[in-house]
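So you can see what is in the structure, the chains are spelled out below.
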Amino acid sequence: MGESNAEHIQKKYDTEIFSLLTTIWGENLHMGLFEDPDEPFDTATERATATMAADVRFKQGQRVIEAACGIGGTARHLARTFGVAVEATNISAMQLDRGRELTDHAGLGHLIRFSYADYHELPFADASFDVWWCQEAMLYAPDKERVVREALRVVRPGGRLVLSDLLFDAAMPEAEREPFMQRHGARHFWTIAQYDDLLARLGPRILVRRDWGRHVLPTFESVTTRFIAKREEFAAKTSVAEVDTVVARLAMQRDAARLGRLGWAYYLIAA
Ligand SMILES: C[S@@+](CC[C@H](N)C(=O)[O-])C[C@H]1O[C@@H](n2cnc3c(N)ncnc32)[C@H](O)[C@@H]1O
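### Concerning unusual backbone geometry
Step number 1: Phi is positive for Arg57, which is not a glycine, with a value near 60°.
Step number 2: On the basis of relative accessible area, Arg57 is assigned to the exposed category, the value being 69%.
Step number 3: In this structure, Glu136 takes a positive phi of about 50° despite not being glycine.
Step number 4: Mapping Glu136 onto the fold places it in the loop between strand S4 (129–135) and helix H6 (144–154).

### Description of the site of the ligand
Step number 1: Around the ligand, 20 residues are found, and the nearest of them are Leu29, His30, Ala68, Asn90 and Gln95.
Step number 2: In this structure, a nitrogen atom belonging to the ligand sits 2.8 Å away from a main-chain N or O atom of Ala68.
Step number 3: In the complex, 97% of the free accessible area of the ligand, which totals 590 Å², lies under the protein chains.
Step number 4: For the shell around the ligand, the per-class residue count stands at 10 nonpolar, seven polar and three charged.

### Some words on the side chain of His215
Step number 1: One can find His215 in the loop between strand S6 (205–211) and helix H9 (216–229).
Step number 2: For His215, a relative accessible area of 4% gives the class buried.
Step number 3: Setting aside anything within four residues of it in sequence, one finds His215 in contact with Gly32, Leu33, Phe34 and Trp264.

What counts, and where the lines are drawn
- Residues numbered from 1 in each chain as written.
- Predicted model: local features only at pLDDT ≥ 70, side-chain atom pairs only at ≥ 80, totals over all residues.
- Heavy atoms only, no water.
- Buried < 20%, exposed > 50% of the residue type's maximum accessible area, 1.4 Å probe, protein only.
- Helix = DSSP H or I, 4+ residues; strand = E, 2+ residues; numbered from the N terminus.
- Near = heavy atom within 4 Å.
- Polar contact = N/O pair within 3.5 Å; in protein donor to acceptor, adjacent residues only side chain to side chain.
- Areas by Shrake-Rupley, 256 points an atom, 1.4 Å probe, with all protein chains shown as cover.
- Nonpolar A, V, L, I, M, F, W, Y, C, P; charged D, E, K, R; others polar.
- Contact = heavy atoms within 4.5 Å.

It is worth stressing that arrangement in space is one thing and function is another; only the former is reported here.
Here you go:
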């Protein structure tokens, strides 16, 4: 039998080199919203979460499902700041374990539960959450309509969906899309126009829509600087070849961002 999409992603995320790369991103495996390109990377990634969260207007005790939670940086931010209960879901066993560890260490275990779930098929009842949240993870989803339908199903009427994703800008040449995705490791990049079309077709009300494309370059520049500083340490733990592959991939990502070929968008949607 062929490898499923989830198996392919698990294989990528549950490797030593990827977990080392994760340490470079910090607790947030997502884009940074920069006020100054030289500011600390963690400040920018936290700002992205905080900016979206401010639009939601959380109330203490609300229930949030985070789809594709990484190692739980956002879940901890939401639980700590607003006192909400977060079901943090992912298909990477390694990231779920790391998320639990960091959450226990932060004393937030009573507010956050980590569990395995593919965002295409959530093991939760209809209308069981107030908010569904997904950051920089839909680029791995082969069936985005199904993911959004699942989000609309598990959130109560009047609840909210928060969605951000790394995208192709329309400027990315067609012929370069497939090779870029192959090397990036995420095989399902969309454009903002595709998201607009899907959401228009499914019909929920869009409350906020932001094009944050200009922040992609500073994000990959920061990650590169931090990764290069650890190059030798990481090569000793994995191999020179694996480290070089990451460095080359980061160069490809920076080049594409510099040419305006990558985008980043954020939507707040009423369920
Ligand atoms: C770039 S990381 C973003 C993580 C997190 N949202 C954050 O902002 O820190 C992408 C995440 O998507 C997860 N993922 C990929 N495919 C998934 C799927 N089918 N269902 C659930 N999670 C998935 C990966 O395991 C990874 O944690």
